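Residues per chain are reported as follows:
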Amino acid sequence: MSEKTTDALQTAIDQALKADRPRLAKYLSIETVAAKHLGIEETVSVIEQSLQELGAEVEVWRDIPGSNPFVFGTLPAGPNGNSDKTLLFYNHYDVQPAEPLDEWDSEPFQLTEKNGQYVARGVSDDKGEFMLRLSAVKALQATGGLPCNLKFILEGEEEVGSPHIEPMTKKHGAALAADAIIWETGGKDADENFQVTCGVKGTASFNVTAKSAESDLHSSLAAFVDNAVWRLVQGLSTLRGPKGEVLVDGFNDGVKPLTPTEQAAVDQLPFNEEATRKNFGLKLPLLSDKPAEALINRPTITINGISGGYEGNGLKTVLPKEARAQLDCRLVPGQDPRHVSELVQQQLDKNGFSDLHVSYNQGEPAFRSDLTDSFVQTAVATAHEVYGDAVKLVPNAGGSGPQAPFFEAVGVPIIDVGSTWAGSGAHAPNENVRVSDYVQAARYTARVLQNFGEK
Ligand SMILES: [Zn+2]
């Protein structure tokens, strides 16, 4: 692509972002909190209109029982584009609750621009990203047309664990067919490297409960009566070693070692222990000598919370009848969430804690694209073109998302790229993106589509 054409693209991107700013503000002004069932229909109609304005055919799928609507849009390649190639964008339109409200410096559901940042709930995760993708599309349409076919799928329950993605992908797999998928979220790491991430870790969430009597008892009876809180902490303590090792038989069955390409990608990932310690205020030694690798490829078991008995003011010499804990595992490819929670129960049984009861909540398997795939290579090469040397290929994110059912239905590589930076504070008060990153990400999106569509 000549420099002149490239400049024309940048001008078109700048114009599109400027023209689309009111729409970005409108989209962010809706409190689309899935956990509170707020703003869903209003948000869906903004998406519908936004896609239609670009000429897209739009369908709102309401055929998955119990689910918030899915919005699906298609746009054909332009006259000079490659109509044999289709790219699917995944985004979600729901956001996290804004609470705690008193920690926001501006209104959470009002787009505020200050200190070179856009600030609002959802501006980084994930409403802003969808809007910048639409601006990139508009810029491409203004400069020679779309280089490939596009599809968009938006869900409204990502922040509550995407409980209906699997039935949706099973039902609408044919409509979703594409040659590659660009997922939500992504951007720059703490060292300002732009990341091309190729998957997600999985999760399994479950509760463990202990019950030792029908009612709380006088603690004098502890002389001969066992108690639920002790049983729970003793049982849970058998599941993990002091360095974070998961002590559950069969837990790692099916997990394959990293391929040489994955290992090479992991080896070049930076990890700044001092900055991490400071940012998180860490008080204990790290659990791994290779934290960057562990974040990507080490399965974990975590007690999210534990409760039981009395711990309020004053004394209550009670022997508690029951105790509860919620746990999660972060999983790597090859592990099945439900099976993992069954293995935990089996291990507790084996360790002499069959009175503890494991109940599965929900989970998602991990997913990792083939790093040697040509689309991954195109995404990385385009990243170098737009971001220079500061680019890292990341085999998968430390976090999770419903990529596995998409891969099952569509069978193509998935990458996560976006406009966030290390201080974006997704899910936190004062969520933001830097305006310069937003512009750069729109350019990256447009250039990936051009390079992907090249015949
Ligand atoms: Zn998100």
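Since the structure is predicted, the reported quantities are computational estimates derived from the model, not experimental observations.

1. Topic: the UniProt feature "domain: Peptidase M20 dimerisation" (unreviewed entry) in the protein chain
Thinking step 1. The residues that UniProt annotates with the feature "domain: Peptidase M20 dimerisation" (unreviewed entry) are residues 199-351.
Thinking step 2. Note that residues 199-351 is 31% helix and 23% strand, and that its end C-alpha atoms are spaced 35 Å apart.

2. Let's talk about unusual backbone geometry
Thinking step 1. The residue after Glu-99, namely Pro-100, is reached through a cis peptide bond having omega 0°.
Thinking step 2. When you line up the elements, Pro-100 lands in the loop between β3 (82-92) and β4 (112-114).
Thinking step 3. At the junction of Asp-125 and Asp-126, the peptide bond is cis and its omega measures out at 10° in the coordinates.
Thinking step 4. Secondary-structure assignment places Asp-126 in the loop between β5 (117-119) and α3 (127-142).
Thinking step 5. Positive phi outside glycine occurs at Ser-162, with the angle close to 45°.
Thinking step 6. Looking at where Ser-162 falls in the secondary structure, it is placed in the loop between β6 (148-155) and α4 (165-176).
Thinking step 7. In the Ramachandran plot, Thr-185 falls in the positive-phi region, its phi being about 65° despite a non-glycine side chain.

3. Some points on helix α5 (residues 228-237)
Thinking step 1. Within α5, the full set of buried residues consists of Ala-228, Arg-231, Leu-232, Gly-235 and Leu-236. Here the buried residues of α5 occupy an arc of 120° about the axis, which is enough to place them on one side.
Thinking step 2. Taken together, the buried residues of α5 touch β10 (202-211), β12 (300-308), β14 (322-331) and α9 (337-350).
Thinking step 3. The opening residue of α5, the one whose side-chain oxygen lies 2.8 Å from the backbone nitrogen of Val-229, is Asn-227.

4. Quick word on the coordination of the zinc ion
Thinking step 1. At 1.8 to 2.7 Å from the zinc ion lie its protein donor atoms, namely His-92 (NE2), Asp-125 (OD), Glu-184 (OE) and Glu-184 (OE).
Thinking step 2. Sequence spacing among the residues donating to the zinc ion works out to H-x32-D-x58-E. With Asp-125 in the loop between β5 and α3 and Glu-184 in the loop between β7 (180-183) and β8 (194-197), this pair connects stretches of sequence that are 59 residues apart.
Thinking step 3. Overall, Asp-125 belongs to the buried group, its relative accessible area being 8%.
Thinking step 4. Residue Glu-184 is classed as buried on the basis of its relative accessible area of 5%.

5. So, the sheet that holds β12
Thinking step 1. Across the sheet, 4 strands lie side by side as β12-β14-β10-β15; this open sheet has antiparallel pairing. Whereas interior strands pair on both sides, the edge strands pair on one side only; in this sheet they are β12 and β15 (357-364). With strand direction ignored, the average angle separating the axes of adjacent strands in the sheet is 15°.
Thinking step 2. In this structure, β10 lies alongside β15, joined through 7 bridges in antiparallel fashion. Of the residues in β15, the one forming a bridge with Asn-207 is Ser-359.

6. Focus on the environment of Arg-121
Thinking step 1. Here Arg-121 shows up in the loop between β5 and α3.
Thinking step 2. Separated by 316 residues in the primary sequence, Arg-121 and Asp-437 place their C-alpha atoms 17 Å from one another.
Thinking step 3. Excluding residues that lie within four positions of it along the chain, Arg-121 makes contacts with Leu-28, Val-95, Gln-96, Pro-97, Ala-98, Trp-104, Pro-108, Phe-109, Gly-425, His-427, Ala-428 and Glu-431.
Thinking step 4. Within the local environment of Arg-121, its side chain forms a polar contact with the backbone oxygen of Gln-96, the two atoms lying 3.0 Å apart.
Thinking step 5. In terms of polar contacts, Arg-121 uses its side chain to reach the side chain of Glu-431, at 2.6 Å.

7. A few points about the pattern of salt bridges
If charged atoms from side chains of opposite charge come close, those side chains can pair.
Thinking step 1. The full count for this structure, using the stated rule, is 21 salt bridges.
Thinking step 2. Between Arg-21 and Glu-113 there is a salt bridge; the shortest N-O distance is 2.5 Å. Placement of Arg-21 in helix α1 (residues 3-29) and of Glu-113 in strand β4 is noted, with a sequence separation of 92 residues between them.
Thinking step 3. On the basis of relative accessibility, which here comes to 29%, the residue Arg-21 falls in the partly exposed class.
Thinking step 4. A salt bridge links Arg-23 to Glu-53; the shortest N-O distance between them is 3.6 Å.

8. Some words on the domain arrangement of the protein chain
Size of an interface: often given as the accessible area lost when the parts come together.
Thinking step 1. Looking at the assigned domains, one finds that the protein chain contains domain 1 (3-200 + 366-453) and domain 2 (202-253 + 287-364).
Thinking step 2. Of all residues in domain 1, the largest losses of buried area upon contact with domain 2 belong to Ala-366, Arg-368 and Ser-400, amounting jointly to 50% of the total for that side.
Thinking step 3. For the interface between domain 1 and domain 2, the tally reads 0 salt bridges.
Thinking step 4. At the boundary of domain 1 with domain 2, the tally comes to 4 residue pairs in polar contact (both at pLDDT 80 or more).
Thinking step 5. Class assignment of the residues belonging to the side of domain 1 that touches domain 2 gives a composition of 7 nonpolar, 7 polar and 1 charged.

9. A short note on the sheet that holds strand β19 (residues 432-434)
In sheet architecture, strand pairing relies on hydrogen bonds along the backbone and comes in two forms, parallel and antiparallel.
Thinking step 1. Spatial ordering of the open sheet is given by β4-β5-β19, a layout of 3 strands whose pairing is antiparallel. Edge positions in the sheet fall to β4 and β19, since each of these pairs with one other strand and no more. Between one strand axis and the next, the sheet turns through 25° on average, direction left out of account.
Thinking step 2. As paired strands, β4 and β5 are joined by 3 bridges and run antiparallel to one another. By the bridge assignment for β5, Glu-113 is matched with Tyr-118.
Thinking step 3. Contacts from helix α12 (residues 435-453) reach β4, β5 and β19, with the element oriented near 70° to β19.

Conventions used here
Residues numbered from 1 in each chain as written. Predicted model: local features only at pLDDT ≥ 70, side-chain atom pairs only at ≥ 80, totals over all residues. Heavy atoms only, no water. UniProt positions renumbered as here; feature names shortened; annotations may be inferred. Helix = DSSP H or I, 4+ residues; strand = E, 2+ residues; numbered from the N terminus. Buried < 20%, exposed > 50% of the residue type's maximum accessible area, 1.4 Å probe, protein only. Arc of directions from axis to C-beta. Contact = heavy atoms within 4.5 Å. Polar contact = N/O pair within 3.5 Å; in protein donor to acceptor, adjacent residues only side chain to side chain. Donors = N, O, S within 2.8 Å, 3.2 Å for Na, K, Ca; no water. Pairing = 2+ DSSP bridges. Axes fitted to C-alpha atoms, helices over the stretch in contact; angles between N-to-C directions. Salt bridge = Lys/Arg side-chain N within 4 Å of Asp/Glu carboxyl O. Domains from an automatic or database assignment. Buried area = accessible area lost by both parts, 1.4 Å probe. Nonpolar A, V, L, I, M, F, W, Y, C, P; charged D, E, K, R; others polar.

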